[in-house]
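A closer look at the structure
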Amino acid sequence: MGITRTIDVDDILARGENGTLKRRLRGRDLIGFGVGIIIGTGIFTLAGVEAKTHAGPAVTLSFVIGAVVAALAALCYAELASSVPTAGSAYTYAFATLGEVFAWIIGWDLLLEFALGAAVVSRGWSGYLANLFGLPSQWFGEDATVNVGAVVIIAVLTVVAVTGIKESAWLTNVLVVVKVAVCVLIVAVGVFFIKGANLTPFIPPAQSSGGEGSVLKQPVVQAGLGLEQSVYGFAGVVSAAAIVFFAYTGFEALANLGEETRNPRKDLRVGILGALGICAVLYVAVSIVLTGMIPFTDIDTGAPLASAFDSVGMHWVGALISIGAVTGLTSVMMVELVTIGRIGFAMGRDGLLPKALGTAHPRWGTPHLMTIGGAVVIALLAAFVPISELSDMVSIGALSAMIIVAVAVPVLRKKRPELKRPFTVPFSPVVPIIAALACFYLMLNLDVLTWIRFAVWLALGLVIYFAYGRRHSRLAVTKEPAADPSS
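Given the structure is predicted, the values throughout are model-derived calculations rather than measurements. (Residues numbered from 1 in each chain as written. Predicted model: local features only at pLDDT ≥ 70, side-chain atom pairs only at ≥ 80, totals over all residues. Heavy atoms only, no water.)

**Things to note about the overall build of the chain**
Using the following cut-off: Put simply, DSSP H or I for four residues or longer makes a helix, DSSP E for two residues or longer makes a strand, and each gets a number counted from the N terminus. The globule rule used for comparison is 2.2 Å times the number of residues to the exponent 0.38, while the radius of gyration itself is calculated over C-alpha atoms. In this description, contact between two residues means that some pair of their heavy atoms is separated by no more than 4.5 Å. Here Asp and Glu are counted as negative and Lys and Arg as positive; His is not counted, and neither are the chain ends. Where a charge sits is defined by one atom per residue type, namely NZ (Lys), CZ (Arg), CG (Asp) or CD (Glu).
Within the chain one finds 18 helices and two strands. Expected size for 487 residues packed as a compact globule is a radius of gyration near 23 Å; at 22 Å, the chain falls within 12% of this value. Projected onto its principal axes, the C-alpha positions of the chain cover 70 × 50 × 40 Å. Summarising the internal contacts of the chain: among those between residues at least 6 apart in sequence, 82% fall at separations of at least 24. In the chain, which carries 32 positive and 30 negative side-chain charges, the distance between the mean positions of the two groups comes to 10 Å.

Structure representation (structure tokens):
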């Protein structure tokens, strides 16, 4: 047994049934969690930023492309999550199909994705709060030396996440109701201010970026083909799609809640597909309203929606949007903290991280040590590092995880054809292959610097795996009868 050793699916299922995490979630809670993490910076910030810098009014098409790719990946997640309901999601699926080293890589990748995402969102939350209440910029927002606001919100939400999954779900659902209501208000009021001239041309003609940017900031596909760096046109639409894909990445967090769901074989697929569908409709509707209300060249990238309503004299809507942004970003952080705890819990239980991280609190039934440890790292990043330039790392992390999940579907079908599958991806392996290729294509439309940073992170992860994880893995230190003999 080497680095490609796998854990048998029966062993994973047995651990889920006999685990220490408490099953307290229903399908509606999962949909709440999904909408809670998906609706956030994508709708309140990214839509305006990408319309102005890459796609123009066709940012709506970028959101559609992102939704289609996310839907293909979501089908794969739904099959695996309903068949193998467990903490760890893509990490555990990789461990059962591709082997330990791939599981480590994807687990390490997911920790980066959600930790960095939570840090970015917490800094955005701090800035919105400062704008809403006129708080001092030296403690709140991007200009703060120490972003106290970001640290405080992470600390408060960590207490909720550690106290219990049901409490986390309750808070998330309350926040989701508020921000969905704000999104509906944006569409209902904004539709009356749409001007056809602002949507024409829908896809602005491609134009050179002026040669001002470094090749490191150029999409990999352009750099690889030796093309001139450009914006707008269809290439700009796809580049924007690769970035706004960040807005859809939250749905895979639900797959980590399999051991805390009362009826995971049914509720997980309902939660994943239901949340993604609701959010895709809201993203497309809001982006049409935004680019129809104001010329894309005049969009304020700091507060695009609020400034759009201010420009037509609807200042009260702008204030409500700020409230919606604060609540929306709060729910994103809540779910990301919950997710980090479950991924680290699964990795600690398998011995790839210290085993103490794979234990649950005896009273609250949550992975408290991993949740607290992850929160400390997030708070430090959010306090001192202006990391908005690293937001693309969240997209590349999510896309790479989705490729692993897409590959795992046909592999697991071949290895375990008799496994009970409450939901199956149609036309497999064609759909999983298309999903993997679509995700990879979007990755190629992220810039060169993002790929370099991603490679460095993965290299660091491999060093830790070979120095610690490989030797301490429970498959290395025990002879488990449940281990897959084929590996």
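**Thoughts on the packing of helix H6 (residues 100–133) against helix H13 (residues 315–349)**
Where we set the bar: Between N-to-C directions, angles cover 0 to 180 degrees, with each direction set by a line fitted to C-alpha atoms, over the stretch in contact for helices. Oblique is the label for every angle not falling under 35 degrees (roughly parallel), over 145 degrees (roughly antiparallel), or within 65 to 115 degrees (roughly perpendicular). Crossings are assigned a handedness: left-handed for a near helix turned anticlockwise from the far helix by less than a right angle, right-handed for a clockwise turn. Think of it as three bins: nonpolar holds Ala, Val, Leu, Ile, Met, Phe, Trp, Tyr, Cys and Pro, charged holds Asp, Glu, Lys and Arg, and polar takes everything else, Gly as well.
In contact at an axis separation of 8 Å, H6 and H13 are set at 155 degrees when each is read in the N-to-C sense. On the basis of the axis angle, H6 is roughly antiparallel to H13. Here the hand of the crossing between H6 and H13 comes out left-handed. Of the residues assigned to the contact of H6 with H13, the class counts are 22 nonpolar, eight polar and one charged.

**Observations regarding the environment of Asp-300**
Looking at the secondary structure, you find Asp-300 in the loop between helix H11 (264–293) and helix H12 (304–311). For the pair Asp-300 and Asp-310, spaced ten residues apart in sequence, the C-alpha to C-alpha distance is 11 Å.

**Comments concerning helix H17 (residues 448–472)**
Rules: Multiplying 1.5 Å by the residue count of a helix minus one yields the expected span of that helix. Each residue is assigned a bend, namely the angle between axes fitted to the seven residues that terminate at it and the seven residues that start at it. In this scheme, a residue with accessible area under 20% of its type's maximum is buried, one over 50% is exposed, and one in between is partly exposed, where area comes from a 1.4 Å probe on protein chains only. We call two N or O atoms a polar contact when they sit within 3.5 Å, provided that within protein one can donate a hydrogen and the other can accept it, with sequence-adjacent residues counted only if both atoms are side-chain atoms.
Over its 25 residues, H17 runs 35 Å from end to end, which matches the ideal 36 Å to within 8%, given 1.5 Å per residue. The largest bend in H17 is about 50 degrees, located at Tyr-465. Inspection of H17 places Val-448, Leu-449, Thr-450, Phe-454, Gly-461, Tyr-465 and Gly-469 among the buried residues, and these make up the whole buried set. For H17, the side-chain oxygen to backbone nitrogen distance between the N-cap and Leu-449 is 3.3 Å, and the N-cap itself is Asp-447.

**Points about the layout of surface pockets**
Our working definition: Using protein atoms alone on a 1 Å grid, points that fit a 1.4 Å probe yet trap it form a cavity, whereas open point sets bounded by protein on both sides within 12 Å along at least five of seven lines form a pocket; residues with an atom within 4 Å of a point count as lining. Grid points are joined across faces, edges and corners, and a volume is the space filled by probe spheres set on the points.
Quantified by volume, the second largest pocket comes out at close to 420 Å³. Together, 21 residues line the second largest pocket, and Leu-111, Leu-112, Ala-115, Val-377 and Trp-457 are the ones closest to its centre. Residue assignment for the lining of the second largest pocket shows that the elements contributing at least two residues are H6, helix H14 (368–384) and H17. Examining the composition of the lining of the second largest pocket, we find that six residues originate from one element, H14, more than from any other. Considered class by class, the residues forming the lining of the second largest pocket number 18 nonpolar, two polar and one charged.

**Quick word on helix H16 (residues 430–444)**
Note the cut-off: This arc corresponds to the set of directions leading from the helix axis out to the C-beta atoms.
The first and last C-alpha atoms of H16 sit 21 Å apart over 15 residues, in line with the 21 Å expected at 1.5 Å per residue. Burial in H16 covers these residues: Val-431, Pro-432, Ala-435, Ala-436, Ala-438, Cys-439, Leu-442 and Met-443. Viewed end-on, H16 has its buried residues packed into an arc of 165 degrees, placing them on one side of the element.

**So, the nonpolar core**
Filter applied, for reference: Think of a nonpolar core as a cluster: buried Ala, Val, Leu, Ile, Met, Phe, Trp, Tyr and Cys residues, connected wherever their side-chain atoms sit within 4.5 Å.
Counting residues in each nonpolar core, the largest one holds 156 residues, and the members touching the most others are Tyr-77, Tyr-93, Phe-251 and Tyr-283. Broken down by element, this core gets its largest block of residues, 19 residues, from H6.

**Quick word on the pattern of salt bridges**
Where we set the bar: When a carboxyl oxygen of Asp or Glu lies within 4 Å of a side-chain nitrogen of Lys or Arg, that pair is called a salt bridge.
Taken as a whole, this structure holds five salt bridges when the rule is applied. Glu-100 is the salt-bridge partner of Arg-5, the closest N and O atoms lying 2.8 Å from each other. Placement of Arg-5 in the segment before helix H1 (9–17) and of Glu-100 in helix H6 is noted, with a sequence separation of 95 residues between them. Overall, the relative accessible area of 5% leaves Arg-5 in the buried class. The exposure class of Glu-100 is buried, given its relative accessible area of 0%. Close ionic contact of Glu-418 with Arg-416 constitutes a salt bridge, the shortest N to O distance being 2.3 Å. Overall, the relative accessible area of 13% leaves Arg-416 in the buried class. One salt-bridge network, held together by shared partners, links Glu-79, Arg-413 and Arg-421.

**Focus: the state of the cysteines**
Counted only if it meets this: Working definition: a disulfide is two cysteine sulfur atoms within 2.5 Å of each other.
Taken as a whole, this structure holds zero disulfides when the rule is applied. Cys-76 carries a free sulfur, and the closest cysteine sulfur to it, the one in Cys-439, is 8.4 Å from it. Of the cysteine sulfurs around Cys-183, a residue in no disulfide, the closest is that of Cys-279, at 8.6 Å. Of the residues examined, Cys-183 reaches a relative accessible area of 0% and is grouped as buried.

**Considering the side chain of Asp-109**
By the secondary structure assignment, Asp-109 is in helix H6. The buried charged residue Asp-109 lacks any salt bridge partner; its closest oppositely charged side chain belongs to Arg-453, at an N-O distance of 14 Å. Setting aside residues no more than four positions away along its own chain, Asp-109 makes contact with Gly-397, Ser-400, Ala-401, Phe-454 and Trp-457.

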